[in-house]
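For reference, the chains in residue letters:
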Amino acid sequence: MDDLFTEPANLDLEAHLVQVFEDYVLARAQASPAAVRSERPLREKSAAVYRDVWHAFAVFCAGRGVSLDRLDTDTLDNFVAALGDGVQVTPRYVRRVLALIGRVAKFAAKRDGTMASTAPAALLSRARYRYADAALEEDLPAFLNARESARLRTHVTAPQPDPRSDEMWSWQAVRNRTAVALQLGAGITPGEIQGLTVAAVIIAGGSKAGVPWKLRLPANGNSPAHESPIATWAGVQLGRWLKVRLEAQVAGEFVFPSTRSGKPWSKMAFYLACQAVLADAGVHAGAGGTYRLRHTWVLRHHALRQSVKRFVG
């Protein structure tokens, strides 16, 4: 059934913008691997991430009746402000979104013989975004300090409200908290969270009966297959989620699916969900995105090993 609250012209514009992106992906797929990086074929995973972002952009522009060749800085500025649905996103993330919009706009203009919008370049020239990819002055990657870590841990492991109350969390809310808990308590990456399967969760043989204590992770890129131990507190939270997952009749092999039917969690939806958890916990958004959680785990384990070495030595 047609959307009763959307003008047909806007639906046509949205479909047109979506098709422009698909044409852009196809054009890059036909380019030589030796072409400059911004014109090389996109990896399937990258195309999926960009598609999510572009669809959100298409819906935003269509709702305002703004075509790609008429895109102005005010519209693009408002879109950037809406990114994250109220959750603050990093300047680096915004820079990547603007760069994508700029590339697709130039592709469409060249193909159609029109003038490309200068709005993406105008926003990219602002200092906030221009230097977003500059190397950090700090030697260490972004991480959470002890107070932030403790606050986040308390938040993600908080007990579920009384089932009889109106405040009981949805299964998605428990999923989101647990995804953050595993990044901080097992040191795994966002991509590993998205691809984690139920079969990879090891429960048998742990020190606490019924509590997951390690993960078996497959090879990924340059990373070989390996096992990752889970901190007890994060394992307890993972066990809670697996129970909620079962009770909610969530299907599929993924530990953290996007839908009850088991659809994979997209990169953008995962990122925004985790940022929302951090915001609710009072942990301010900062450089590094959710990789700060993994960095925190790595740095703490490194410090612990050094302490053990000094004690033994």
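Caption draft 1: Representation of the sheet that holds strand E1 (residues 201-202) within the structure. A sheet is described by the order of its strands in space; here three strands give the open sequence E1-E2-E3, paired in antiparallel fashion. The sheet is open, and its two borders are formed by E1 and strand E3 (226-229), each paired with just one other strand. The sheet contact formed by E1 and strand E2 (residues 214-217) spans two bridges and is antiparallel. Note on E2: the bridge partner recorded for Ile202 is Lys214.

Caption draft 2: Local environment of the environment of Val283. Take Val283: it is sitting in the loop between helix H11 (267-280) and helix H12 (291-312). For the pair formed by Val283 and Leu144, sequence separation is 139 residues and the distance between their alpha carbons is 8.6 Å. Not counting chain neighbours up to four residues away, the residues in contact with Val283 comprise Leu144, Glu148, Arg151, Leu152, Leu278 and Arg292.

Caption draft 3: Examining the packing of aromatic side chains more closely. Counted according to the given criterion, the structure contains nine aromatic pairs. Note on Tyr24 and Phe107: the rings are 5.7 Å apart at their centroids and 70 degrees apart in plane angle, and the pair reads as edge-to-face. Placement of the pair is Tyr24 in helix H1 (residues 8-29) and Phe107 in helix H4 (residues 91-112), with a sequence separation of 83 residues. Neither Tyr24 nor Phe107 differs from the other in exposure class; each is buried. Three or more aromatic residues link up through ring pairs in this structure, and these residues are Phe21, Tyr24, Trp54, Phe57, Phe60, Phe79 and Phe107. Positioned above the aromatic ring of Phe60 is the side chain of Arg64, whose terminal nitrogen or guanidinium carbon lies 3.5 Å from the ring centre. In this structure, Arg177 is placed above the aromatic ring of Trp169, and the distance from its NZ or CZ to the ring centre is 3.9 Å.

Caption draft 4: Just the pattern of salt bridges, in detail. For the structure on display, the rule yields six salt bridges. With a shortest N-O distance of 3.2 Å, Arg126 and Asp77 are connected by a salt bridge. With Arg126 in the loop between helix H5 (119-124) and helix H6 (127-130) and Asp77 in helix H3 (residues 73-82), the pair connects residues that are 49 residues apart, well separated along the chain. Accessibility expressed as a relative area gives 28% for Asp77, which makes it partly exposed. The residue Arg111 makes a salt bridge to Asp112 at a minimum N-O spacing of 3.0 Å. You can call Arg111 partly exposed: its relative accessible area is 38%. Under the relative-accessibility criterion, Asp112 is labelled partly exposed at 42%.

Caption draft 5: Broad picture of the environment of Asp112. Tracing the backbone through its elements, the reader meets Asp112 in helix H4. One polar contact links Asp112 to Arg111, side chain to side chain, over a distance of 3.0 Å.

Caption draft 6: Main features of the packing of helix H2 (residues 44-63) against H3. Orientation of H2 relative to H3, taken along the N-to-C sense of each, is 125 degrees, at an axis distance of 11 Å. Viewed along their axes, H2 and H3 adopt a mutual orientation that is oblique. With respect to the hand of their crossing, H2 and H3 are arranged in right-handed fashion. Facing Val53, Ala56, Phe57 and Phe60 of H2, the residues of H3 in contact are Thr75, Leu76, Asn78, Phe79 and Ala82. When grouped by side-chain class, the residues that make up the contact of H2 with H3 number seven nonpolar, two polar and no charged.

About the cut-offs
- Residues numbered from 1 in each chain as written.
- Predicted model: local features only at pLDDT ≥ 70, side-chain atom pairs only at ≥ 80, totals over all residues.
- Heavy atoms only, no water.
- Pairing = 2+ DSSP bridges.
- Helix = DSSP H or I, 4+ residues; strand = E, 2+ residues; numbered from the N terminus.
- Contact = heavy atoms within 4.5 Å.
- Phe/Tyr/Trp six-rings, centres within 6.5 Å; stacked < 30°, edge-to-face > 60°.
- Buried < 20%, exposed > 50% of the residue type's maximum accessible area, 1.4 Å probe, protein only.
- Lys NZ or Arg CZ within 6 Å of the ring centre and 35° of its normal.
- Salt bridge = Lys/Arg side-chain N within 4 Å of Asp/Glu carboxyl O.
- Polar contact = N/O pair within 3.5 Å; in protein donor to acceptor, adjacent residues only side chain to side chain.
- Axes fitted to C-alpha atoms, helices over the stretch in contact; angles between N-to-C directions.
- Parallel < 35°, antiparallel > 145°, perpendicular 65-115°, else oblique.
- Left-handed = near helix turned anticlockwise from the far one by under 90°.
- Nonpolar A, V, L, I, M, F, W, Y, C, P; charged D, E, K, R; others polar.

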